[in-house]
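Secondary and tertiary structure notes
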Amino acid sequence: MSPPPPPTWLQLSFSLLLGSFCIALEPAEQGRSATDALNVLLIIADDLRPSLGCYGDKLVRSPNIDQLASHSILFQNAFAQQAVCAPSRVSFLTSRRPDTTRLYDFNSYWRVHSGNFSTIPQYFKENGYVTMSVGKVFHPGISSNHSDDYPYSWSFPPYHPSSEKYENTKTCKGQDGKLHANLLCPVDVADVPERTLPDKQSTEEAIRLLEKMKTSVSPFFLAVGYHKPHIPFRYPKEFQKLYPLENITLAPDPHVPDGLPPVAYNPWMDIREREDVQALNISIPYGPIPEDFQRKIRQSYFASVSYLDTQVGHLLSALDDFDLAHNTIIAFTSDHGWALGEHGEWAKYSNFDVTTRVPLMFYVPGRTASLPAAGEKLFPYQDPFDPVSELMDAGRRTEDLVELVSLFPTLAGLAGLPVPPRCPIPSFHVELCREGQNLQKHLQLHDLEEDPYLFGNPRESIAYSQYPRPADFPQWNSDKPSLKDIKVMGYSIRTIDYRYTVWVGFNPSEFLANFSDIHAGELYFVDSDPLQDHNVYNDSQHGGLPRSLKP
């Protein structure tokens with residue numbers, strides 16, 4: 001086998017490329033006065049890949065999110081920095097990469113463990129905004145100090161729906177008529193505890209807060225975090241009707257690729273722990289799920305997306321009702337994607353596009369869409385069960401690769417606040433800075449009447465992701481290793497042409513990656529291998545690397 005690329009180049013490549021976003025300071029923009037400040041509504045889905053109509057999915061019915069996209073700028077290639085909940089959320093809410101937050105698991109609070117970094121809502125709060133959190137925004141638990149980072153980030157304690165405590169309990173009626181803790185959990189809402197579901201409660205609370213804030217003198221920053229389509233797939237059972245099983249296809253590449261390094265494989269242990277999956281008696285780590293059950297998983301994921309879409313629709317319709325659409329920025333995204341059988345994998349926990357790529361769109365009044373006229377509704381509720389509802393095209397879109405760490409500077413700039421400076425290296429001592437780019441330039445290139453595709457050079461854009469592993473081969477804690485157990489880190493560079501990943505030794509006590517200790521590599525060319533099934537890393541040594549990867 002050919003030797004790996006020179007360690008000195010790898011060390012420099014990742015340190016320089018990762019640092020390229022964090023060197024120069026950007027001049028602050030002129031702030032707005034309190035009277036004309038724009039409000040911000042940040043909507044965060046959980047485990048949502050871009051399986052939406054506005055991203056070209058012909059099966060999924062998502063008319064309300066599609067309607068938002070029709071008035072927004074939509075990023076076709078947005079990527080999370082780590083495909084697991086707590087590290088991703090802390091990363092994009094602070095605009096720091098996981099190697100800066102030092103959070104790769106769920107078990108530490110960045111302000112104590114890494115640095116007293118400012119967050120998006122904290123920055124808005126310090127600039128005169130009333131900041132409010134509904135549902136799952138920060139990941140609950142130690143990673144947000146058991147308080148969702150209150151009082152730093154929020155003007156008053158965050159709201160969590162009372163019914164979320166039932167999400168992982170035995171509330172799923174099985175074929176035996178008994179209640180189970182299943183993966184697949186379509187329910188009759190009238191029969192579940194409290195006769196409601198968490199995302200319904202979050203929508204109701206968010207609408208209540210919008211109504212309260214419509215007459216407020218102070219601008220608001222409202223973050224609404226929805227649980228779905230996170231597992232278990234617990235959703236109103238009527239949404240199954242949108243996706244008859246006979247219409248559900250399998251993933252186009254449902255088998256583990258021959259050239260996939262074992263360290264890169266995600267054994268989806270949390271899926272295996274559900275009672276209905278346990279009953280299938282699937283071998284670990286590579287045993288495939290039976291095809292009929294694969295279809296049921298995909299059906300329930302898509303049904304959960306449509307259920308999520310209705311909640312987004314009710315929320316945005318209320319924004320219209322309260323006459324807030326003309327002065328409220330709306331950002332919609334997810335913490336990461338989710339594999340639906342691609343590469344023989346399920347869930348997240350990898351560096352593949354299906355787990356790192358996320359939906360990302362921004363609605364900015366008067367910029368991405370004309371201001372609504374008096375009495376006009378930009379976001380009338382769309383019923384996904386209405387067979388005559390039309391697929392709406394995204395208003396404006398760009399193919400440039402962008403990262404979730406760019407959310408912080410972009411929202412600050414769009415709201416007219418000074419954009420935080422780029423972070424120095426290292427930045428553990430700096431409370432306010434950002435490792436993401438300001439994406440405002442994408443809203444300034446064209447008039448609304450011109451071509452909706454933004455021209456530029458997408459080959460100049462790069463997105464970085466990473467994932468930790470406890471060993472070179474799949475084991476029980478490969479998906480979610482605790483910090484002390486991390487032995488290997490996979491660093492991934494995604495460009496418009498390729499995805500390149502190198503798995504290197506990692507010292508969890510020093511938080512240091514050893515780029516001279518290469519465990520495995522992956523290289524996929526997007527044009528010829530869009531599903532990333534053919535790893536040509538071992539074929540690419542000594543002259544075969546892409547030009548931008550050559551030393």
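Only a predicted model underlies this, so the values are computations on that prediction, with no experimental measurement involved. (Residues numbered from 1 in each chain as written. Predicted model: local features only at pLDDT ≥ 70, side-chain atom pairs only at ≥ 80, totals over all residues. Heavy atoms only, no water.)

**Considerations on the environment of His227**
Keep this limit in mind: The helix count covers DSSP runs of H or I at least four residues long, the strand count covers runs of E at least two residues long, and both are numbered beginning at the N terminus. Two residues qualify as a contact provided that any one of their heavy atoms is within 4.5 Å of a heavy atom in the partner residue.
As for its position among the elements, His227 is in the loop between β7 (220-225) and β8 (233-236). Along the sequence, His227 and Pro198 sit 29 residues apart, while their C-alpha atoms lie 7.3 Å from each other. Leave out the neighbours within four places in its chain, and His227 touches Asp46, Lys136, Glu164, Pro198 and Asp199.

**Notes on the packing of aromatic side chains**
This is how the line gets drawn: In this scheme Phe, Tyr and Trp rings, the latter by its six-membered ring, pair at centre separations within 6.5 Å, and the angle between planes marks the pair as stacked below 30 degrees, edge-to-face above 60, and tilted otherwise. Relative accessible area decides the class of each residue, using a 1.4 Å probe on protein chains only: under 20% of the type maximum gives buried, over 50% gives exposed, and in between gives partly exposed. Sitting over a ring, as applied to charges here, requires NZ of Lys or CZ of Arg to be within 6 Å of the ring centre and within 35 degrees of the ring normal.
A full pass over the atoms with the stated rule returns 21 aromatic pairs. Each ring, one from Phe124 and one from Tyr129, has its centre 4.9 Å from the other, and the planes form 85 degrees; the classification is edge-to-face. You'll find Phe124 and Tyr129 in the same group, each marked buried. Through successive ring pairs, a cluster of aromatic residues spans Phe233, Tyr243, Tyr301, Phe302 and Trp338. For Arg272, the ring lying beneath its charged end belongs to Trp268, and the centroid distance is 3.6 Å.

**Concerning the confidence of the model for the chain**
Worth spelling out the cut-off: Values of pLDDT, the confidence the predictor places in each residue, fall between 0 and 100.
Mean pLDDT for the chain: 90, with 88% of residues reaching 70 or above. Low pLDDT, under 50, characterises residues 445-455; the stretch is placed with 21 contacts to residues that sit more than four places away or in other chains. In this model, residues 542-551 is a region of pLDDT below 50 whose contacts with residues beyond four sequence positions or in other chains number 17 contacts.

**Details of the pairing of strand β1 (residues 39-45)**
Worth spelling out the cut-off: Pairing between strands is defined by DSSP: at least two bridges between the two strands are required.
In terms of burial, β1 is largely enclosed, as seven of its seven residues are buried. Residues Asn39, Leu41, Ile43 and Ala45 point to one face of β1 and Val40, Leu42 and Ile44 to the other, with burial holding for every one of them. Both β1 and β7 contribute to a ladder of five bridges, which runs parallel. Counterpart to Leu42 in the pairing with β7 is Ala223.

**As for the packing of helix α2 (residues 63-70) against helix α10 (residues 291-321)**
Using the following cut-off: Comment: axis = line fitted to C-alpha atoms, over the contacting stretch for helices; angle = value between 0 and 180 degrees taken between N-to-C directions. Throughout this description, any angle smaller than 35 degrees is read as roughly parallel, any larger than 145 degrees as roughly antiparallel, any in the 65 to 115 degree range as roughly perpendicular, and the remainder as oblique. Residue classes follow a fixed rule: Ala, Val, Leu, Ile, Met, Phe, Trp, Tyr, Cys and Pro count as nonpolar, while Asp, Glu, Lys and Arg count as charged, and any other residue, Gly among them, counts as polar.
As a packed pair, α2 and α10 sit with axes 7 Å apart at the nearest point and diverge in direction by 50 degrees. In this view, α2 runs oblique relative to α10, as classed from their interaxial angle. Side by side, α2 and α10 meet where Pro63, Asn64, Ile65 and Leu68 of the first sit next to Asp309, Thr310, Val312, Gly313 and Leu316 of the second. Across the contact of α2 with α10, the residue classes break down as five nonpolar, three polar and one charged.

**Details of the packing of helix α7 (residues 198-213) against α10**
It is at 10 Å that the axes of α7 and α10 come closest, and there the two elements cross at 10 degrees. As far as their axial angle goes, α10 and α7 are roughly parallel. When α7 is examined against α10, the residues Asp199, Lys200, Thr203, Ala206, Ile207 and Leu210 are found in contact with a partner set consisting of Tyr307, Gln311, His314, Leu315, Ala318 and Leu319. Considered class by class, the residues forming the contact of α7 with α10 number seven nonpolar, three polar and two charged.

**A word on the nonpolar core**
Convention followed: Take the buried Ala, Val, Leu, Ile, Met, Phe, Trp, Tyr and Cys residues and link them wherever side-chain atoms come within 4.5 Å; each set so joined is a nonpolar core.
Among the nonpolar cores identified, the biggest contains 84 residues, and Leu222, Ile297, Phe332 and Trp338 are the most heavily contacted of them. In terms of residue count, the dominant contributor to this core is α10 (13 residues). In this view, Ile297 contacts Leu183, Leu184, Phe233, Ile289, Trp338, Leu340 and Trp346; residues no more than four positions away in its chain are not counted.

**Some remarks on α7**
Working note: α-helix, 3.6 residues per turn, so residues spaced by three or four point in the same direction. The following threshold applies: Expected helix span is taken as 1.5 Å per residue step, with the number of steps being one fewer than the number of residues.
With 16 residues, α7 should cover 22 Å at 1.5 Å per step; its first-to-last C-alpha distance of 22 Å lies within 8% of that length. Of the residues making up α7, those classed as buried are Pro198, Asp199, Gln201, Ser202, Thr203, Glu205, Ala206, Leu209, Leu210 and Met213. Those residues of α7 hidden inside the fold are in contact with β3 (130-135), β7, β8 and α10.

**Some details on the side chain of Ser334**
Quick note on the threshold: As used in this structure description, the phrase polar contact means that two N or O atoms lie within 3.5 Å; if the pair is within protein, one of them must be able to donate a hydrogen and the other to accept it, and residues adjacent in sequence are counted only when both atoms belong to side chains.
Note that Ser334 resides in strand β9 (residues 328-334). Here Ala45 takes part through its backbone oxygen, which lies 3.4 Å from a polar atom of the side chain of Ser334. Separated by 2.9 Å, the side chain of Ser334 and the backbone nitrogen of Leu48 make a polar contact. For Ser334, the contacting residues outside a window of four places in its chain are Ala45, Asp46, Asp47, Leu48, Val358, Pro359 and Leu404.

**Topic: the state of the cysteines**
Test applied: For this text, the term disulfide refers to a pair of cysteine sulfurs within 2.5 Å.
Evaluation of the coordinates by the stated rule reveals two disulfides. Paired through a disulfide, Cys172 and Cys185 show a sulfur-sulfur distance of 2.2 Å. Taking the torsion about the S-S bond as the criterion, the Cys172 to Cys185 disulfide, at about -100 degrees, is left-handed. Placement of the pair is Cys172 in strand β4 (residues 172-173) and Cys185 in strand β6 (residues 184-187), with a sequence separation of 13 residues. Of the residues examined, Cys185 reaches a relative accessible area of 1% and is grouped as buried. Paired by a disulfide, Cys423 and Cys433 hold their sulfur atoms 2.0 Å apart. Residues Cys423 and Cys433 are joined through a disulfide that is right-handed, its torsion about the S-S bond being 95 degrees. One end of the pair, Cys423, is in the loop between α12 (407-414) and β15 (463-469); the other, Cys433, is in the loop between α12 and β15, and ten residues separate them in sequence. What makes Cys423 buried here is its relative accessible area of 0%. Given the relative accessible area of 1%, Cys433 is considered buried.

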